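Now for the letters of each chain:
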Amino acid sequence: MPRAFYYFHYYPLWQTYLAELGFQVVSSPWTNQELLELGLASCVDCACLPLKAYVGHVQFLVQQGLSLLFVPQVVSLFPKEWTCSVLLGLPDLVKQHVPPSVRLLTPVLDARRGIHQLTLQYLHFGLQWARPSPVLRAWRKAVRAQRTWERAYQAVSSPGRFRLLLLGPRYLTDDPYLNGNLREKLRDLGAEVLCPADFSDATTAAACSLLRKRPYWTCTRRSLGALAHAVPQLDGVVTISPFGCGAEAMQGVLITSLTGTRIPHLELHVDEHTSPVGLFTRLEAFCDLLERKRSG
């Protein structure tokens, strides 16, 4: 499994399910310069940074001799919502970067008609490798592992002098190399950092009712829903997005419509040329302003 994209959302589910079906599951290491260089060398220039990183993870796994890659086609994860268009065609894109000897496992994950439909798609995939009873047991165990991990993730908190909401795709906010270790730097500067993953889908979906129109993209809905829910408790908002991402660019406008001028907002855009030093300088200045605002 490449440690990129929706791996950061569902790796306990995927890892447990595949292991219970009889696979020996191997994940690529955390993103580093070597992996990113592999992606930069083979991916088209107009691709976003997370996609270039994903291709680098794929290339690394192929170089290690792995002959099966789990590359799901993630169409939708919530009713009436979509994921990024890159993810819709990800299996076809990955095929261009691997030799014919490498086989892709590409279940279609599409919850537009309901979460139960997504469950049926996982079960259908499992039935290719095992009989119905083991598949059901594997699925139930995987769901328990995912829920346990999500509860543990949401329970972690680090108190700070002021509270920030960090918004952006989870495959960017949770990848320390791609975001310049942003979360740790914010904590070092005295911030308590919240993310959309700290709130359930039910919470963020309900909070989006404040918007004139609910976003089509799940990542945008989660971010805006988290903001709408947590805005009374926040001192500031930081958004990080891949340079050139249309959905994330539109999200910045919607954030302003939700918060107005009440809450300071710092926008960060990253690509392979972004300097961690430059990011840290902007974060320092932003946090200094928040401290001065709190002290009157």
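Residues numbered from 1 in each chain as written. Predicted model: local features only at pLDDT ≥ 70, side-chain atom pairs only at ≥ 80, totals over all residues. Heavy atoms only, no water.

Draft legend 1. Spotlight on the overall build of the protein chain. When helices and strands are counted, the protein chain shows 13 helices and eight strands. Its C-alpha atoms give the protein chain a radius of gyration of 20 Å, near enough to 19 Å, the size a compact globule of 296 residues would have. Dimensions of the protein chain, computed from C-alpha atoms along their principal axes, come out at roughly 65 × 40 × 30 Å. Sequence-distant contacts in the protein chain: of pairs separated by 6 or more residues, those separated by 24 or more amount to 73%. About 14,400 Å² of surface is accessible on the protein chain, with carbon and sulfur atoms providing 54% of the total. Between the centroid of the 30 positive side chains of the protein chain and the centroid of its 23 negative side chains there is a distance of 11 Å. (Helix = DSSP H or I, 4+ residues; strand = E, 2+ residues; numbered from the N terminus. Rg over C-alpha atoms; globule rule 2.2 N^0.38 Å. Contact = heavy atoms within 4.5 Å. Areas by Shrake-Rupley, 256 points an atom, 1.4 Å probe, with all protein chains shown as cover. Lys, Arg positive; Asp, Glu negative; His and termini not counted. Charge placed at Lys NZ, Arg CZ, Asp CG, Glu CD.)

Draft legend 2. Quick peek at the environment of A111. Topologically, A111 is positioned in the loop between β4 (108-110) and α6 (115-126). Here A111 falls in the buried class, since its relative accessible area comes to 0%. Setting aside residues no more than four positions away along its own chain, A111 makes contact with S76, L77, F78, P79 and L118. (Buried < 20%, exposed > 50% of the residue type's maximum accessible area, 1.4 Å probe, protein only.)

Draft legend 3. Representation of the packing of aromatic side chains in the model. Applying the stated criterion across every chain yields a total of 18 aromatic pairs. Between F5 and Y171, the aromatic rings sit 5.0 Å apart at their centres with planes inclined by 90 degrees, giving edge-to-face as the arrangement. With a gap of 166 residues between them, F5 in the segment before α1 (7-20) and Y171 in helix α8 (residues 170-173) connect regions that are remote in the sequence. Each member of the pair, F5 together with Y171, is buried. For the pair Y7 and F8, a centre-to-centre distance of 6.1 Å together with 85 degrees between the ring planes defines the contact as edge-to-face. By the burial criterion, Y7 is buried, and F8 matches it. Among the aromatic residues, those joined into a ring-pair cluster are F5, Y6, Y10, W14, F23, Y54, F70, F125, W129 and Y171. It is R170 that lies over the ring of Y153; its NZ or CZ is 4.4 Å from the centre. Over the aromatic face of F78 sits the side chain of R221, whose NZ or CZ is 4.4 Å from the ring centroid. (Phe/Tyr/Trp six-rings, centres within 6.5 Å; stacked < 30°, edge-to-face > 60°. Lys NZ or Arg CZ within 6 Å of the ring centre and 35° of its normal.)

Draft legend 4. Representation of the state of the cysteines. Under the definition given, this model contains zero disulfides. C208 carries a free sulfur, and the closest cysteine sulfur to it, the one in C219, is 12 Å from it. With no disulfide of its own, C287 lies 14 Å from the sulfur of C195, the closest cysteine sulfur. In this structure C287 comes out as buried when scored by relative accessible area, which is 2%. (Disulfide = S-S within 2.5 Å.)

Draft legend 5. Layout of the confidence of the model for the protein chain. Across the protein chain, the average pLDDT comes to 91, with 99% of residues at or above 70. Looking at the elements of the protein chain, mean pLDDT is at its lowest for helix α12 (residues 246-259), recorded as 77, and at its highest for α1, recorded as 97. (pLDDT = per-residue confidence, 0-100.)

Draft legend 6. Focus on unusual backbone geometry. A positive phi angle, near 65 degrees, is found at K80, a position not held by glycine. Tracing the backbone shows K80 in the loop between β2 (73-76) and α4 (85-88). Of note in the backbone geometry, N181 takes a positive phi value of approximately 55 degrees without being a glycine. Take N181: it is sitting in the loop between α8 and α9 (182-188). Residue class for N181 comes out partly exposed when judged on its relative accessible area of 35%.

Draft legend 7. Here's a closer look at the nonpolar core. Grouped together as the largest cluster of nonpolar side chains are 45 residues, with contacts concentrated most on W14, Y17 and L69. Among the elements of the structure, α1, α3 (49-63), β1 (68-70), α5 (90-95), β3 (103-105), α6 and α7 (132-155) are those that each provide at least two residues to this core. Contact partners of L69, with chain neighbours within four places excluded, come to V58, L61, V62, V98, V102, R103, L104 and L105. Judged by nonpolar contacts, the second largest core, of 24 residues, contains L182, V193, L266 and L290. (Core = buried A, V, L, I, M, F, W, Y, C linked by side-chain atoms within 4.5 Å.)

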